[in-house]
Amino acid sequence: MTDSKYFTTTKKGEIFELKAELNSDKKEKKKEAVKKVIASMTVGKDVSALFPDVVNCMQTDNLELKKLVYLYLMNYAKSQPDMAIMAVNTFVKDCEDPNPLIRALAVRTMGCIRVDKITEYLCEPLRKCLKDEDPYVRKTAAVCVAKLHDINAQLVEDQGFLDTLKDLISDSNPMVVANAVAALSEIAESHPNSNLLDLNPQSINKLLTALNECTEWGQIFILDCLANYTPRDDRESQSICERVTPRLSHANSAVVLSAVKVLMKFMEMLPKDLDYYGTLLKKLAPPLVTLLSAEPELQYVALRNINLIVQKRPEILKHEMKVFFVKYNDPIYVKLEKLDIMIRLASQANIAQVLAELKEYATEVDVDFVRKAVRAIGRCAIKVEQSAERCVSTLLDLIQTKVNYVVQEAIVVIKDIFRKYPNKYESVIATLCENLDSLDEPEARAAMIWIVGEYAERIDNADELLESFLEGFHDESTQVQLQLLTAIVKLFLKKPTETQELVQQVLSLATQDSDNPDLRDRGYIYWRLLSTDPVAAKEVVLAEKPLISEETDLIEPTLLEELICHIGTLASVYHKPPSAFVEGSRGVMHKRLPARTGSGEGTECPDVGNAAGGSAPEAAPSIIPSQGDLLGDLLNLDLAPPTTTGPTPSTSGMQMGGMDLLGGGLESLLFNMVSHPKMGAGFGAAPAVMPASLNAPVGGGLGDLFDLGGGVGMPMGAYIPPKTVWLPAMKAKGLEISGTFARRAGVIQMELVLTNKAMSVMTDFAIQFNRNSFGLAPAGPLQVLTPLGPNQTIEVSLPLSTVGPVMKMDPLNNLQVAVKNNIDVFYFSCQYPISMLFVEDGKMERQVFLATWKDIPNDNESQFQIQDCHLNSEAASNKLQGSNIFTIAKRTVEGQDMLYMSIKLSNGIWVLAELKVQAGNPNYTISLKCRAPEVSQCVFQCYEAVLKN
């Protein structure tokens, strides 16, 4: 009889009976009782009351019974931690059992019991098992280290288990190597900045040797680990590729995809003229084709990965078009994916085959698939110019079928073909007009209206056709209404005498009877253009249109590179980077393909710009760090257009001079926030007070905004940090923002470089800051006056004021920024050098300096070392003065120059400094005194940056 009998009983008093059986002297009865307990536990009954009785059964030589008891322990140890301690002695004893299976079982179970009290007892047995003579025990112990790290990371590091784990990579047994790699990879994932898997040519060689002999899942771990390695040069890259290539013929599809990932990454480093490069391309095709003979779910995963590979290297599968032809019994999700890849592989050589196939698909019964097939014909016409004529005649044949949804899709794609090849296929317009009455979908109606408006001079009854659409104007979708408005204005500009009444009718409907703001605004623009300057109207409305691009649905290059590094994972199926769907505390490492050089630099982390001279690591920007409810503050910003309601508060209420210059400047700013009215939260809202040199009205345009007046040049040698990437394109839908901060003529400027790496145009830029330590806020709107087209870059200088709302940040100079455009709102944080806040009137009188230095408590003094600085005291003084750090006095004591300096921050805080410069010694000592000691660290960083750059 099978074990299913244990799941059938539901009698009362069962727990009591089981208790008696568990304490029986007969071994068989005990075993039966434990099986019943496990069965009850499996179906969800609470059998935790039997914990002590089950634990007593651990003292047995029977391996099956021991396994069952361990299974029970794993399940209930968390709810009974005090009782679980009873089992520890048995675990420790079992870890020294002569049977390796029992040793491994004990260490595996101890790793699964997530109870802190037990964890400390686990260390000694685990240490022994990591060095056990039996490889089965060692491989189990390796995984246990990763589990223990998840429970108590600090304990694992203190006990030196990570070093032991690294040593296991050199183990003689391939399965131990594979598990060690898996454990280290798991730990490294939760600590993305730790260099646990310190891969070098020697360790790579060991991994490649183990690769041939371990199980399929072990191979996957090793291949994934290899994919994170960057070879030193193309020779090493080729050597690794040669040793990984045999994995392509493995029966497990996961191994195949992992091998493909490694090869795709390392191919980047191989010169394209190398013979081996061509050989490798040929070797990659058969395994990918073989994946398509699996069951549909696996086919779909393979096709999503192939879609990425084809976008990166179409030459791999260019001769394999036939395997992507759709089979009649393919599920719809496989059909649509195959269709997408067919279009990507379409070329002049195979277009005849592809078109014949697509025409066949257009007669299928599945409506969604037919629509995609018709659209695919249009995409082929746009992609392969030589096939355009054949595609158009195929589409006309499909229109003749009079199948409603086929006709509508065909009209939509013919509109795109007209855009791509103007004045070439307009002879088909008459056929399209015959089907006007059958169109009921907004996209098809809008496409037809566009065609009629664009080619009105070739259509005799264009006005009648458009008038027929106008009858139900208010029932149409917005897309159709907008298209109809534009088409009638085009018609009027081409045939003004015949259509004056029609254009007035549509302008009236759009401006007076419509609630849609887009439609109303467009109507008003056309009305004003036509009434003031018809010639200008003609130039605007009938302007030559740019040709549409070949493939509009390609994944942008930076994202594609990252996805190639994630082939065989969920990211390659979603076509999204892991950061888009992985939540939780674990940091997600961004991956990039290596550069095609021998150096192998810059593989990981595309999102930190390399500042010239290398900036301090802590200055690397991060996307809005969690900081109380600050993210909430930014997310709740009112994204309305800029408004200026009420009078601007006068400067007198916020005069910095009104503060005690030396007493509690920062404290009063940081904690007396009541006196600071919150800035208008709208993007680009006028700040509470404009800087003196920016008091020209913002509405005066770009000239006014940057007319800083006074003719004051930038102080000689003023330090401006190099630009760094603040917001990488992959985190902002293609918008990359880099920048720096500068102080010019007393005005703080945020200098931004906006780059559009997406396919669409970006407009309507606006910017807003979160509350910050020094009240930094935009002094006017973000002036991006022209739309930012794909692959365009624009430099913008944004003046800042220091009278925004205040809140102490960590670090003190952290600035959280929200940038909005027509696509979305994006958030990032950056750190500004505090030297931007050093004001020009910061030179203190000598007597005041002396009295103040004595007055500030010694506890507020901080001392720092500036190393490797090779300037004499005079050069250092001149350089610092450029950044508004003023030398008050200088004296020389025993060959050492002592410079006494003063700095005044924009919020009225004074910082006093003593800089010791010894001739011939590249290390300076600086002492800083301030009533707000929080700023000392930031001021020291500024000293270091100014003197070393």
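Position labels on residues start from 1 in each chain and follow its written sequence. Given that the model is predicted, a residue must reach a pLDDT of at least 70 before its local features are reported, and side-chain atom pairs must reach 80 or more before they are shown or counted; all residues, however, enter totals for whole chains, interfaces and linings. Computation of side-chain values covers all heavy atoms of the structure but excludes hydrogens and water.

Engineer: Describe the overall build of the protein, listing the residues and the values that go with them.
Structural biologist: A helix here means a DSSP run of H or I that spans at least four residues, while a strand means a run of E at least two residues long, and both kinds are numbered starting from the N terminus. Regarding its fold elements, the protein presents 38 helices and 13 strands. Exposed residues in this analysis have more than 50% of their type's maximum accessible area, buried residues have under 20%, and partly exposed residues fall in between, with area computed by a 1.4 Å probe over protein chains only. A total of 949 residues make up the protein; the buried ones form 51% of that total. Of the contacts made within the protein by residues no fewer than 6 positions apart, 68% connect residues no fewer than 24 positions apart. Working rule for contacts: check all heavy atoms of both residues, and any pair within 4.5 Å makes them a contact.

Engineer: Give a detailed account of the nonpolar core, specifying residues and quantitative values.
Structural biologist: Here, nonpolar core means buried Ala, Val, Leu, Ile, Met, Phe, Trp, Tyr and Cys residues that are tied together by side-chain atoms lying within 4.5 Å of each other. Membership of the largest hydrophobic core comes to 210 residues, with the highest contact counts inside it found for Tyr-72, Leu-126, Leu-207 and Phe-418. If sequence neighbours within four positions are ignored, Tyr-72 has contacts with Val-37, Ile-38, Met-41, Val-47, Ser-48, Leu-50, Phe-51 and Val-54. Among the nonpolar cores identified, the runner-up in size contains 64 residues, and Leu-776, Leu-815, Phe-864 and Val-939 belong to it.

Engineer: Pulling in residues and values, what's your account of the sheet that holds strand 11 (residues 896-904)?
Structural biologist: Across the sheet, five strands lie side by side as 9-13-12-11-10; this open sheet has antiparallel pairing. A single partner strand is all that each edge strand has here, and the edge strands are strand 9 (861-866) and strand 10 (886-893). For this sheet, the mean inter-axis angle between neighbouring strands, taken without regard to orientation, is 20 degrees. Think of it this way: DSSP has to see at least two bridges between two strands before they count as a pair. One ladder, built from nine bridges, connects strand 11 with strand 12 (residues 910-918); its direction is antiparallel. Note on strand 12: the bridge partner recorded for Ser-902 is Leu-912. Between N-to-C directions, angles cover 0 to 180 degrees, with each direction set by a line fitted to C-alpha atoms, over the stretch in contact for helices. Lying on the sheet, helix 37 (residues 873-881) is in contact with strand 10, strand 11 and strand 12; it crosses strand 11 at an angle near 5 degrees. The sheet strands contacting helix 38 (residues 936-948) are strand 9, strand 11, strand 12 and strand 13 (924-930), and the helix crosses strand 9 at an angle near 25 degrees.

Engineer: Run through the sheet that holds strand 3 (residues 747-756), naming residues and quoting values.
Structural biologist: Taken in spatial order, the five strands of this open sheet run 1-2-3-6-5, and their pairing is antiparallel. Among the strands making up the open sheet, the edge pair consists of strand 1 (724-727) and strand 5 (777-778). In terms of strand pairing, strand 2 (residues 735-744) meets strand 3 through ten bridges, oriented antiparallel. Residue Thr-740 lies in a different strand from strand 3, and its bridge partner there is Glu-751.

Engineer: Lay out the environment of Ala-285 in plain terms, naming residues and giving numbers.
Structural biologist: Tracing the sequence through the fold places Ala-285 in helix 17 (residues 275-291). Sequence separation between Ala-285 and Leu-248 is 37 residues; the distance between their C-alpha atoms is 9.8 Å. In contact with Ala-285, other than residues within four places in its own chain, are Ile-316, Leu-317 and Glu-320.

Engineer: Now, about the packing of helix 14 (residues 216-227) against helix 16 (residues 253-267): what can you tell me, with residues and values included?
Structural biologist: Running from N to C, helix 14 and helix 16 point in directions that differ by 15 degrees, and their axes come no closer than 9 Å. Accordingly, the angle class assigned to the pair helix 14 and helix 16 is roughly parallel. Here helix 14 and helix 16 pass one another in a crossing that is left-handed. For the pair helix 14 and helix 16, the contacting residues are Glu-216, Trp-217, Gln-219, Ile-220, Leu-223, Asp-224, Leu-226 and Ala-227 in the first and Ala-254, Val-255, Ser-258, Ala-259, Lys-261, Val-262, Lys-265 and Phe-266 in the second. Polarity classes work like this: nonpolar for Ala, Val, Leu, Ile, Met, Phe, Trp, Tyr, Cys and Pro, charged for Asp, Glu, Lys and Arg, and polar for all others, with Gly in that last group. Classifying every residue of the contact of helix 14 with helix 16 gives ten nonpolar, two polar and four charged. Oblique is the label for any angle not covered by the other classes, which are roughly parallel (under 35 degrees), roughly antiparallel (over 145) and roughly perpendicular (65 to 115). In this scheme the handedness of a crossing depends on how the near helix is turned from the far one: anticlockwise by less than a right angle means left-handed, clockwise means right-handed.

Engineer: Could you give an account of helix 29 (residues 517-532), with specific residues and numbers?
Structural biologist: Along an α-helix, a turn takes 3.6 residues, which lines up residues three or four apart on a common side. Take the residue count of a helix, subtract one, and multiply by 1.5 Å to get its expected span. For helix 29, spanning 16 residues, the distance from its first C-alpha to its last is 22 Å, which sits close to the expected 22 Å at 1.5 Å a residue. Inspection of helix 29 places Leu-519, Gly-523, Tyr-526, Leu-529 and Leu-530 among the buried residues, and these make up the whole buried set. Along helix 29, the residues classed as buried sweep out an arc of 135 degrees about the axis, all on the same side. Among the exposed residues of helix 29, those pointing more than 90 degrees away from its buried face are Ile-525, Arg-528, Ser-531 and Thr-532. Buried-residue contacts for helix 29 involve helix 27 (478-494), helix 28 (500-511) and helix 30 (534-541). In protein, a polar contact means a hydrogen-donor-capable atom and an acceptor-capable atom, both N or O and within 3.5 Å, with residues adjacent in sequence counting only if both atoms are side-chain atoms; elsewhere, any N or O pair within 3.5 Å suffices. At the N-terminal end of helix 29, a side-chain oxygen is found 2.8 Å from the backbone nitrogen of Asp-518, two or three residues along, and the residue is Asn-516. Read the arc as the range of directions from the helix axis to the C-beta atoms.

Engineer: I'd love a proper account of the environment of Leu-563, names of residues and values included.
Structural biologist: With respect to the helices and strands, the residue Leu-563 is situated in helix 31 (residues 557-564). Residues Leu-563 and Val-573, ten residues apart in the sequence, show an inter-C-alpha distance of 9.4 Å. If sequence neighbours within four positions are ignored, Leu-563 has contacts with Leu-308, Ile-555, Ala-571, His-575, Lys-576 and Pro-577.

Engineer: How would you summarise the pattern of salt bridges if you had to cite specific residues and measurements?
Structural biologist: Should a side-chain nitrogen of Lys or Arg be within 4 Å of a carboxyl oxygen of Asp or Glu, the pair is scored as a salt bridge. In the structure shown here, the tally under the stated rule is 30 salt bridges. Where Lys-261 meets Asp-224, a salt bridge forms, and the shortest distance between an N and an O atom there is 2.9 Å. With a gap of 37 residues between them, Lys-261 in helix 16 and Asp-224 in helix 14 connect regions that are remote in the sequence. According to the relative accessible area criterion, Asp-224 is partly exposed, its value standing at 26%. When the shortest N-O distance is used, the salt bridge between Arg-313 and Glu-268 registers 2.6 Å. In this pair, Arg-313 is assigned in the loop between helix 18 (296-312) and helix 19 (332-345) and Glu-268 in the loop between helix 16 and helix 17, connecting sequence segments 45 residues apart. Accessibility assignment for this pair places Arg-313 and Glu-268 in one class, buried. Each of Arg-371, Arg-375, Glu-409, Glu-441 and Glu-443 takes part in a single network of salt bridges with overlapping partners.

Engineer: Give me the packing of aromatic side chains: which residues, what numbers.
Structural biologist: For Phe, Tyr and Trp, where Trp contributes only its six-membered ring, two rings pair if their centres lie within 6.5 Å, and the inter-plane angle classes them as stacked under 30 degrees, edge-to-face over 60, or tilted in between. Under the defined criterion, the tally for this structure stands at eleven aromatic pairs. With a centroid separation of 6.2 Å and 85 degrees between ring planes, the pair formed by Trp-450 and Tyr-455 is classed as edge-to-face. Tyr-455 carries the same exposure label as Trp-450, and that label is buried. Connected via pairs of aromatic rings, a cluster forms that spans Trp-726, Phe-741, Phe-828 and Tyr-832.

Engineer: Quick one: what's the story with unusual backbone geometry, residue by residue and with numbers?
Structural biologist: Each neighbour pair has its own omega, and for Asp-810 with Pro-811 the value is -5 degrees, a cis peptide bond. Among the structural elements, Pro-811 can be located in the loop between strand 6 (793-801) and strand 7 (814-820). Positive phi, normally seen in glycine, also occurs at Lys-402, with a value near 65 degrees. One can find Lys-402 in the loop between helix 22 (388-400) and helix 23 (404-420). Phi angles above zero are rare outside glycine, and Ala-745 is one such case at about 50 degrees. Note on placement: Ala-745 falls in the loop between strand 2 and strand 3.

Engineer: How would you summarise the side chain of Glu-236 if you had to cite specific residues and measurements?
Structural biologist: Within the secondary structure, Glu-236 sits in helix 15 (residues 234-244). The exposure class of Glu-236 is buried, given its relative accessible area of 10%. Setting aside anything within four residues of it in sequence, one finds Glu-236 in contact with Pro-201, Tyr-229 and Pro-231.

Engineer: Run through the pairing of strand 7, naming residues and quoting values.
Structural biologist: Extensive coverage of strand 7 is indicated by the burial of six of its seven residues. Bridge count for strand 4 (residues 766-769) against strand 7 is four bridges, and the pairing is antiparallel. Across the sheet, residue Ala-766 finds its bridge partner in strand 7, namely Lys-820. In the sheet, strand 7 pairs with strand 8 (residues 825-831) via seven bridges, with the strands oriented antiparallel. Looking at strand 8, one finds that Ala-818 is bridged to Tyr-827. Two successive antiparallel strands, strand 7 and strand 8, enclose a turn made up of four residues.

Engineer: Lay out the pairing of strand 3 in plain terms, naming residues and giving numbers.
Structural biologist: Counting buried positions over the ten residues of strand 3 gives ten, a clear majority of the element. The side-chain alternation of strand 3 yields two buried faces, one formed by Val-747, Gln-749, Glu-751, Val-753 and Thr-755 and the other by Ile-748, Met-750, Leu-752, Leu-754 and Asn-756. Here strand 2 folds back onto strand 3, and the loop between the two strands holds two residues, one of which, Ala-745, carries a positive phi near 50 degrees. Relative to strand 6, strand 3 runs antiparallel, the two sharing eight bridges. Pairing of Thr-755 across the sheet is with Thr-793, part of strand 6.

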